[in-house]
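# Structural overview for review
Each chain is listed here by its residues.
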Amino acid sequence: MNPTPRVPPKEFVESMKEEIEQYAKEVMETVNQAPDGAWIAGSEERVRDLSAEMRRRIFERAVQQRVDAAEAAFPPSTPSDDGKAVGQ
């Protein structure tokens, strides 16, 4: 049995580049907006929320790309003239 195709990590990173950059900007904006003397306390909860959302999106995209690669490598069989799948 052939193994399922794998997605090259570099390809995955490239597909996430804009979202990762946006995430980093939002984190920095959140820390910058925290009050002086309370940079951690004033930003930690929001940064945790941003990180949790980003972690979810990264994982979902990784799984979806693996599914897409598998579907592309093993397309469904097409029916023959007699209505049976080719090869049956």
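All residue numbers refer to positions counted from 1 along the written sequence of the respective chain. Local features in this predicted model are restricted to residues whose pLDDT is 70 or higher, and side-chain atom pairs enter the listing and the counts only when it is 80 or higher, whereas totals over whole chains, interfaces and linings include all residues. The side-chain numbers reported here are obtained from all heavy atoms of the structure, hydrogens and water having been left aside.

The next thing to look at is a nonpolar patch on the surface. On the surface, Phe59, Val63 and Val67 cluster together into a nonpolar patch covering about 270 Å² of accessible area. A run of DSSP states H or I qualifies as a helix once it reaches four residues; a run of E qualifies as a strand once it reaches two. Both are numbered from the N-terminal end. Structurally, the position occupied by phenylalanine 59 is in helix H2 (residues 44–73). Patch rule: a residue counts if its relative accessible area is over 30% and it has no salt bridge; like charges are joined within 9 Å, and nonpolar side chains (Val, Leu, Ile, Met, Phe, Trp, Tyr) within 5 Å. Accessible surface area values rest on a Shrake-Rupley calculation with a 1.4 Å probe, where residue burial reflects the displayed protein chains alone. One speaks of a salt bridge when a side-chain nitrogen belonging to Lys or Arg is within 4 Å of a carboxyl oxygen belonging to Asp or Glu.

Each full turn of the α-helix corresponds to 3.6 residues, which orients residues three or four apart in the same direction. Here H2 contains 30 residues, and its C-alpha end-to-end distance of 43 Å stays within 8% of the 44 Å for a straight helix at 1.5 Å per residue. The classification of residues rests on relative accessible area computed with a 1.4 Å probe and restricted to protein chains. Under 20% of the type maximum is buried, over 50% is exposed, and intermediate values are partly exposed. Among all positions in H2, only Val47, Leu50, Met54, Gln65 and Ala70 are buried. Contact definition: two residues touch when any of their heavy atoms are within 4.5 Å. Structurally, H2 contributes buried residues whose contacts are with helix H1 (9–33). A helix is expected to span 1.5 Å multiplied by its residue count minus one.

Bringing the packing of H1 against H2 into the picture now. Describing two packed helices takes the angle between their axes plus the distance from one axis to the other. Between the N-to-C directions of two axes lies an angle of 0 to 180 degrees, each axis being a line fitted to C-alpha atoms and, for a helix, fitted only over the stretch in contact. At a minimum axis distance of 10 Å, the contact between H1 and H2 shows a crossing angle of 175°. The orientation of H1 with respect to H2, classified from their angle, is roughly antiparallel. Packed against H1, whose contacting residues are Phe12, Ser15, Met16, Glu19, Ile20, Tyr23, Glu26, Val27, Thr30 and Val31, the element H2 presents Arg46, Val47, Leu50, Ser51, Met54, Arg57, Ile58, Arg61, Ala62 and Gln65 at the interface. Ten residues, namely Ala, Val, Leu, Ile, Met, Phe, Trp, Tyr, Cys and Pro, are considered nonpolar, four, namely Asp, Glu, Lys and Arg, are considered charged, and the remaining ones, Gly among them, are considered polar. Split by residue class, the contact of H1 with H2 holds eleven nonpolar, four polar and five charged. By the definition adopted for this analysis, an angle is roughly parallel if under 35 degrees, roughly antiparallel if over 145, roughly perpendicular if from 65 to 115, and oblique otherwise.

The subject of this paragraph is the side chain of serine 43. Residue placement: serine 43 occurs in the loop between H1 and H2. Once residues within four sequence positions are removed from consideration, serine 43 is found in contact with Thr30, Val31, Ala34 and Ala38.

An ideal rise of 1.5 Å per residue puts 36 Å on 25 residues; H1 measures up with 34 Å between its terminal C-alpha atoms. Along H1, the largest kink reaches about 55° and is centred on lysine 17. One fitted axis covers the seven residues ending at a residue, a second covers the seven starting there, and the bend at that residue is the angle between these axes.

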